[in-house]
Amino acid sequence: MNASSKPKLSFGEYLPKIVVAPTFVATLIFIYGFMLWNAWLSFSSSRMLPKYDWVGLKQYERLFANDRWWVAAENLLIFGVLFIVTCLVIGLFLAIFLDQKVRAEGAIRTIYLYPMALSFIVTGTAWKWILNPELGIQRMFREMGWESFSFDWLVNSDMAIYTVVIAGVWQSSGFVMALCLAGLRGVDENIVKAARVDGASMPAIYRRIIIPGLGPVFFSALIVLTHIAIKSFDLIVALTGGGPGYATDVPATFMYTYAFTRGQIGVGSAASMMMLMAVVAIIVPYLYSELREKKQ
Amino acid sequence: MKLSKIGLGIALALGLSMSAQAAEVEVLHYWTSGGEAKSVAELKKMLEAKGHTWKDFAVAGGGGESAMTVLKSRVVSGNPPAAAQIKGPSIQEWGEEGVLANIDGVATKEGWDKLLPKVVSDVMKHDGKYVAVPVNVHRVNWMWANPEVFKKADATVPTTWDEFFVAADKIKAAGMTAVAHGGQPWQDATTFESVVLGTQGPVFYNKAFVELDPKSLDSAQMVEALETFRKIKQYTDEGAPGRDWNLATSMIIKGEAGMQFMGDWAKGEFTAAGKKPGVDYICAAAPGTSKGFTFNIDSFVMFDLDNKDLAAGQNDLASTVLSPEFQEVFNLNKGSIPARLGSSMEKFDDCAKLSSKDFVESAKFDTLVPSMAHGMSTFSSTQGAIYDTVTEFYNNDKVTAKDAAAKMAKAVASATADL
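Residues numbered from 1 in each chain as written. Chains lettered and ligands numbered in written order. Predicted model: local features only at pLDDT ≥ 70, side-chain atom pairs only at ≥ 80, totals over all residues. Heavy atoms only, no water.

You'll find chain A entered in an unreviewed UniProt entry as ABC transporter permease, with Leucothrix arctica given as the organism. Quoted verbatim from the Subcellular location (unreviewed entry) field of UniProt, the annotation for chain A is "Cell membrane". The heading Sequence similarities (unreviewed entry) in the UniProt record of chain A holds the text "Belongs to the binding-protein-dependent transport system permease family." (UniProt positions renumbered as here; feature names shortened; annotations may be inferred.)

Quick look at the structure:
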């Protein structure tokens, strides 16, 4: 009896591991394996097809000497910072306003959250039409009689990156709102009541008590938004196509162009290694703090 | 009983011998739009008439970028298609990888060296042996114009760049858009190469874009060409950046704009709108380039496959592609002209006839040059480097022409450097 029940038990013990194993192996090969492959390619002289020789850091030197790469990197910085900050601010305020027990809150919440359901391609295409000076806002105002009205950011190489921010914020601030709203609902009513009894005004309560309490919510939103920003590719392809010129190129579109259309796989993989480093720089401290909290 | 058995035996034997000769020829191409798809269907029919089966491997995306990505993965995995649509110096890139098939046999038999101009046959050869077969010749240095617009503005169709700016000023003054432009890097480059050819001539063009001579790329002549190129911008409308080329063409068709610089594939748009060449629209060489001809040639490259039947299929495909019948049918649909010299142009329209005449003449006088913007003169990495500087210069007024020329030389050097 004992002998026969033992394997049963161990099968039960192994079952979760067996079930998870294929996913684990797939992740190992298709994510970490390919990362290593890409790292290897970035040290090779690969052009049109992969080659497996060793040229040291030459592809990185070539990448850093490339003007277009620095435009892409600067754009990512501008887009990333503005996109994240604006999303957080707008999301937070939308959540606070919605939390004032307004009527038809469910409907309003859905409206704000809906852009999130669209793909970035749809968002990009729609905003391309809205912002096009010959079709969209500028034309509308001019036809209404405001002849001198000008809004040509989409076709102005200095301002085009900000149109990407506009479209990105439109899409993602609803998501931050949902996160913040959940956080606000979790705030203990009694603390707010106690503060009111002490004579604190509502703005002061928000500033001193509620918003600081949302720290973990902001942190989660920050992580999600950051990786959306670094990976952003489809929004730019649909909205500006990287243009005018290459004024709105970001590292992801840069990498794609070099690796797949220009036959410079070496430079392309060096660029994607730089993107990986950027993600690692953000994710590792996050994982570290998460794991440390668990230990405590 | 016995008879039918014998009959069956014969049929089987026939069937077997048939299948031993017939091959399933897999062809990778990116001709998926209306006129192009029709042309491909014609090729399929002709190849099937020779007893082979056509396995269509179409990858959409006009520029063929996605097709090339798919092709790379197929070749790397050791399973290339029999033939693929690859053009220009990329043929040499693939040749270097040692994956192409030699079709010199059929080429010698049919005397291709005599059927093709030397500039064209050079592109089709790797290491002196034919590896590809040309399908058509596109002329890139066209200017499409709407005569109605010119009449309203009291302007004449320009033949030099000086005349161009006079005409453009008149059209602009008449309240219309002078130049219909699509602000995408390849369209910027298409216009730019016509400016270079028109203002600096074919000798300089070859030095800069074919030989990639750094002294020519960063020269006073290049600066002059760049400055002329930027001057065009003030005659375009605000909606130009990012616009697709066919939308720019439709501005000409509708009479909203006067001129467009685009290759002869634009003709398809006019034809589809029911417009007649010479009446509803004018096709003229870009200013200053009437003696020149920037070519863009589509071709099929054969891949080395360890299979005798398939090799026969590849030879038949190559022979079919260069046959006068296919060259005529295909190019009538596509808007280009036959690559085969001495083809009858009777059924073609006036634009194609002019193109064909200029093609033959420019080949004689060395003014036939490969299109940089369409990847005929350099590897894609170098082409990309030129694209970057040209489009950056055109769109960003803070970059001076002098800096742009210096940048171009630097970017080209970096892209061509061996590691």
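S.K.: Which residues make up the sheet that holds strand β9 (residues 257-261) of chain B, and what values go with them?
M.R.: Hydrogen bonds along the backbone pair up the strands of a sheet, which may run parallel or antiparallel. All names here are of chain B. Spatial ordering of the open sheet is given by β8-β9-β7-β10, a layout of four strands whose pairing is mixed. Each end of this open sheet is capped by a strand with a single partner; those strands are β8 (177-179) and β10 (282-285). Looking at each pair of strands side by side, their axes are set apart by 20° on average, direction ignored. When β8 meets β9, the two strands line up parallel, connected through two bridges. For Thr177, the partnering residue across the bridge sits in β9 and is Ala257. Contacting β7 (142-145), β8 and β9, helix α13 (residues 245-253) crosses the sheet at an angle of about 145° to β9. (Pairing = 2+ DSSP bridges. Helix = DSSP H or I, 4+ residues; strand = E, 2+ residues; numbered from the N terminus. Axes fitted to C-alpha atoms, helices over the stretch in contact; angles between N-to-C directions. Contact = heavy atoms within 4.5 Å.)

S.K.: Before we move on, could you go through helix α9 (residues 161-173) of chain B and cite the residues and values that matter?
M.R.: For an α-helix, 3.6 residues make a turn, and residues three or four places apart therefore share a direction. Residue and element names in this part refer to chain B. With 13 residues, α9 ought to run about 18 Å at 1.5 Å a step, and its terminal C-alpha atoms sit 18 Å apart, in line with that. Looking at α9, one finds that the buried residues are Trp161, Phe164, Phe165, Ala167, Ala168 and Ile171. Mapping the buried residues of α9 onto a view down its axis gives an arc of 165°, with all of them on the same face. Counted as exposed and oriented over 90 degrees from the buried face of α9: Asp162 and Ala173. Positive backbone phi, at 85°, marks Gly175, one or two positions downstream of α9. (Expected span 1.5 Å × (residues − 1). Buried < 20%, exposed > 50% of the residue type's maximum accessible area, 1.4 Å probe, protein only. Arc of directions from axis to C-beta.)

S.K.: Describe the packing of helix α9 (residues 202-213) of chain A against helix α10 (residues 215-231) of chain A, with residues and values.
M.R.: Residues and elements named next belong to chain A. As a packed pair, α9 and α10 sit with axes 5 Å apart at the nearest point and diverge in direction by 50°. On the basis of their axis angle, the class for α9 and α10 is oblique. Mapping the contact onto sequence places Ile211, Pro212 and Gly213 in α9 and Gly215, Pro216 and Phe218 in α10. (Parallel < 35°, antiparallel > 145°, perpendicular 65-115°, else oblique.)

S.K.: Tell me about the UniProt feature "transmembrane region" (unreviewed entry) in chain A, residues and numbers included.
M.R.: All names here are of chain A. Annotation from UniProt places "transmembrane region" (unreviewed entry) at residues 20-40, 76-98, 110-130, 159-184, 205-230 and 265-288. In this annotation, residues 20-40 is assigned 100% helix and 0% strand; the end-to-end C-alpha distance for the span is 29 Å. The span residues 265-288 shows a helical share of 100% and a strand share of 0%, and its end C-alpha atoms are spaced 33 Å apart.

S.K.: An account of the domain arrangement of chain A is requested, with residue identities and associated values reported.
M.R.: Residues and elements named next belong to chain A. Each domain of chain A was delimited in the assignment, giving domain 1 (1-42) and domain 2 (57-295). When each unit is reduced to the centre of its C-alpha atoms, the spacing between domain 1 and domain 2 is 36 Å. The interface of domain 1 with domain 2 comprises five residues on the first partner and nine residues on the second. Taking both partners together, domain 1 and domain 2 bury about 500 Å²; carbon and sulfur atoms supply 63% of that area. Considering only the side of domain 1, the residues that lose the most area to domain 2 are Asn38, Leu41 and Ser42, jointly responsible for 77% of the buried surface there. Along the contact surface separating domain 1 from domain 2 lie zero salt bridges. At the junction of domain 1 with domain 2, the criterion picks out four residue pairs in polar contact (both at pLDDT 80 or more). (Domains from an automatic or database assignment. Buried area = accessible area lost by both parts, 1.4 Å probe. Salt bridge = Lys/Arg side-chain N within 4 Å of Asp/Glu carboxyl O. Polar contact = N/O pair within 3.5 Å; in protein donor to acceptor, adjacent residues only side chain to side chain.)

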